[in-house]
Every structure is written in structure tokens, then in C-alpha cells.
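Listed here are the chains, written in short residue letters.
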Amino acid sequence: MRVVRTRAEFAAARAQLPAPVGLVPTMGALHAGHRALLQAARDECAAVVTTNFVNPMQFGPGEDLAKYPRTLDADLAVCEDVGVDLVWAPGVEDVYPRGGATRVRIEPGPVGDLLEGAVRPGHFAGVLTVVGKFLNLVRPDRAYFGEKDYQQLTLIRQLSDDLDLGVVIVGVPTVREPDGLALSSRNVYLSPDERRHALALSRALSAGRDAAPQGALAVIAAATAELGREDGTGALAVDYLELRGTDLGEIPEHGPARLLVAARVGSTRLIDNVAVTL
Ligand SMILES: Nc1ncnc2c1ncn2[C@@H]1O[C@H](COP(=O)(O)OP(=O)(O)OP(=O)(O)O)[C@@H](O)[C@H]1O
Ligand SMILES: CC(C)(CO)[C@@H](O)C(=O)[O-]
Ligand code: BAL
């Protein structure tokens, strides 16, 4: 496994890799969710590249950029274990040379203003800009993203289509703790008490999914009731709970849909979602 930092080192190492190349972009602090992405790439590609970069452009003022967990040594051990070929851990100056003098900024369009985008203005422009850059720099055949960040995955598929990037975007199912909590690098911020309250998110999604045979209103009612046990108690504050089409548009009358939730537990913001069949 090669570990490189600068653009030049990356380009030299990338040129040696056999095709097809799989890319797994991450912000580090790797857990079993990331491992599932890396493993899927390992299973399907001749070479696996991962980027490890906490992208300042996708954090808003007052968000957790400074305290975001940084665990490069442990991350490298995970990558080695899965059999990654090339890890790129660039500095900000490698990704945004000259401070991004040409002001490259990929705007996500209307889907970027919903849900996460409504709570984190500018977030998805930051995500799409850095993902666009990495797809351009790495030129992978396939790129892997988690369904845990469902809106992000939807927008990256849109980016790839709209810019004719010719890369296959692969969505990987959410990896959960045995009690249902979706794995997230931000779970390390939770106290034991907060972690218990955080279980309300996955419980609400399961309740909503189980109510799907009774229709969309029943899904929302069941999920809201489950969340309501915690919401407003001071332990948990819901940002949104929404049922949408799989493209995040209108709710279909029948067929596949998506139920998405975001909440703050103490000072930690968590998101989760599930597939629902109406
Ligand atoms: N539990 C999970 N299951 C599957 N994929 C995941 C999971 N958590 C994160 N991913 C995916 O890993 C990739 C990198 O995500 P990232 O480094 O932001 O980790 P994260 O755990 O989502 O962190 P955060 O706490 O910032 O949301 C993304 O494609 C993301 O969707
Ligand atoms: C896709 C990504 C690596 C871009 O910084 C990030 O948003 C993430 O980790 O989900
Ligand atoms: N969507 C995952 C990265 C972030 O929260 O900024």
C-alpha cells in the first residue's frame, strides 16, 4: 500500500495502477461503514484508491471543522487490512492550490437546497466541488459512497450524469451497530446518555418503514410518534423527518420511497435514512 500527500506524488502513484480503478472518498476517522465501501471496491476493482481529506469547503461557520476527528494512523491500519493500493491524504493546498483562485464551485441545484442543504447552506456545493475535483484527479472507473448520506449520494449521481464523467457511482447500504445506530465518525462525540437518545433516529425510521403497507401518512405518523418520545425533551432536537421519492422529489403513491431524518443530540448532529416501499 502506498500513502502519498502531494498532488505530484499522487499523480505518479496513480499512473502505476491497473484498471479498473475504484475510488472511495472519505474524511478519515474510518469505521466499519467506510470499511464496507473499501471492501466493495476491493471486491470489484483491480486497484483501490482512497482519499482521506477533511474538506473545509463543506463546513459552515460554527460547524465542527476544527474538532472533526482526525485519526490517520488508525485509518491507515484499516486500509492496509482491506488491501487498499493507494491512500491519498492531501493537504488543503493540494486540493485547492492558490486558495482556489479561479473560484471553482459546483452548485448542486434545487435538490441541494432540501433537507441537509436547508440546514447547512452551501454544504453540498462544498461536497460536489471536492468530489468533482477528486473524480477529475483520480479518474476512477467506479466510485463508492454510503447510503447513510443519501442526499449526498443522490447529488453525486446527478453530478456524474450532468458532467458526463463516465464513472459508475456505487451506493453501499448503511452499516449499523447491533442496536440500530448508523455508524458515523461523529458518534465519538456522544456521551453514553446521548448515545441512548440517538437510538430514537433508527427506531423512528424502522417504525416508519413497518407502517408502509398503511400508506405515506401512516409512515410519517409512526416515525413522528417514535421520535416524539425524545423530541423537545432537551435530549434531542429534530431538524427534519421527511418522506420523499427515491430521487428526493415527490412521494410516489406506490413503490419505493425514502424516509430521512436529522436531529441534534446535545451538540452532535446526526442523520439517517431508510428505504420504504409504499
Ligand atoms: N454507516 C455507514 N454505512 C455506510 N457508509 C457510510 C457510513 N457512514 C459513512 N459512510 C460513507 O462513508 C463515506 C465517507 O463518509 P465520512 O468520512 O463523512 O464519514 P461519516 O461517518 O459519514 O462521517 P460524518 O460523521 O461526518 O457523517 C461517505 O460516502 C459516507 O456515506
Ligand atoms: C464525500 C466526502 C468525502 C466529500 O468530502 C464527504 O462528504 C463524506 O465523507 O461523506
Ligand atoms: N456528509 C458527510 C460529511 C459532512 O457531514 O460534512
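Computed from a predicted structure; not experimentally measured.

Colleague: So, the domain arrangement of the protein chain: which residues are in play, and what are the values?
Modeller: Segmentation of the protein chain into domains returns domain 1 (2–172) and domain 2 (187–277). Domain 1 and domain 2 are separated by 26 Å when their C-alpha centres are compared. Looking at the side of domain 1 that touches domain 2, the elements that each hand over two or more residues are α5 (115–119) and α7 (150–162). The residue makeup of the side of domain 1 that touches domain 2, split by class, is six nonpolar, two polar and two charged.

Colleague: Any chance you could break down the sheet that holds strand β5 (residues 142–146) for me, citing the residues and the numbers?
Modeller: Ordered by their spatial adjacency, six strands build an open sheet running β1-β4-β3-β2-β5-β6, and the pairing between neighbours is parallel. Looking along the sheet, the strands with just one partner apiece sit at the ends: β1 (2–4) and β6 (168–172). Adjacent strand axes in the sheet meet at a mean angle of 20° when their direction is disregarded. Alignment of strand β3 (residues 47–52) against strand β4 (residues 86–88), held across three bridges, turns out to be parallel. Bridge pairing in β4 places V49 opposite L86. Sheet strands in contact with helix α2 (residues 32–44) are β2 (21–26), β3, β5 and β6, and its direction is about 155° off that of β5.

Colleague: Now, about the site of ligand 2: what can you tell me, with residues and values included?
Modeller: Inspection of the region around ligand 2 gives P25, T26, M27, N55, Q58, V127, V130, V131, D149 and Q152 as its neighbouring residues. Mapped by element, the contributors of at least two residues to the shell around ligand 2 are β2 and α6 (123–138).

Colleague: If you had to explain the environment of G166 to someone new, which residues and values would you point to?
Modeller: Position of G166 among the secondary structure elements: in the loop between α7 and β6. Residue classification places G166 among the exposed positions, given that 9 C-beta atoms sit within 10 Å. A C-alpha to C-alpha distance of 18 Å links G166 and A46, two positions 120 residues apart in sequence.

Colleague: Please provide a residue-by-residue account of the environment of L199, values included.
Modeller: Of note, L199 is situated in helix α8 (residues 192–210). Exposure remark for L199: the 15 C-beta atoms within 10 Å place this residue in the partly exposed category. Distance from L199 to G180, taken between C-alpha atoms, is 6.9 Å for residues 19 residues apart in sequence. Discounting chain neighbours no more than four positions away, the residues touching L199 are D179, G180 and L181.

Colleague: An account of the site of ligand 1 is needed here, citing residue identities and associated values.
Modeller: Contacts to ligand 1 come from 18 residues, most closely from G33, G146, L183, S185 and R186. For the shell around ligand 1, the element with the most residues is α2, which contributes four residues.

Colleague: Kindly report on the pairing of β2, identifying the contributing residues and their values.
Modeller: Burial analysis of β2 places six of its six residues in the buried class, which makes it a mostly covered element. Residue alternation in β2 divides its side chains into two sets, V21, L23 and P25 and G22, V24 and T26, and both sets are buried. Sheet analysis places β2 next to β3, joined by six bridges and oriented parallel. The residue of β3 that forms the bridge with V24 is T50. With two bridges joining them, β2 and β5 adopt parallel strand pairing. Paired with G22 across the strands is R142, a residue of β5.

Procedures and definitions
- Residues numbered from 1 in each chain as written.
- Chains lettered and ligands numbered in written order.
- Predicted model: local features only at pLDDT ≥ 70, side-chain atom pairs only at ≥ 80, totals over all residues.
- Domains from an automatic or database assignment.
- Helix = DSSP H or I, 4+ residues; strand = E, 2+ residues; numbered from the N terminus.
- Nonpolar A, V, L, I, M, F, W, Y, C, P; charged D, E, K, R; others polar.
- Pairing = 2+ DSSP bridges.
- Axes fitted to C-alpha atoms, helices over the stretch in contact; angles between N-to-C directions.
- Contact = placed C-beta atoms within 7 Å.
- Near = placed C-beta within 6 Å.
- Buried ≥ 20, exposed ≤ 12 C-beta atoms within 10 Å, placed from the backbone.

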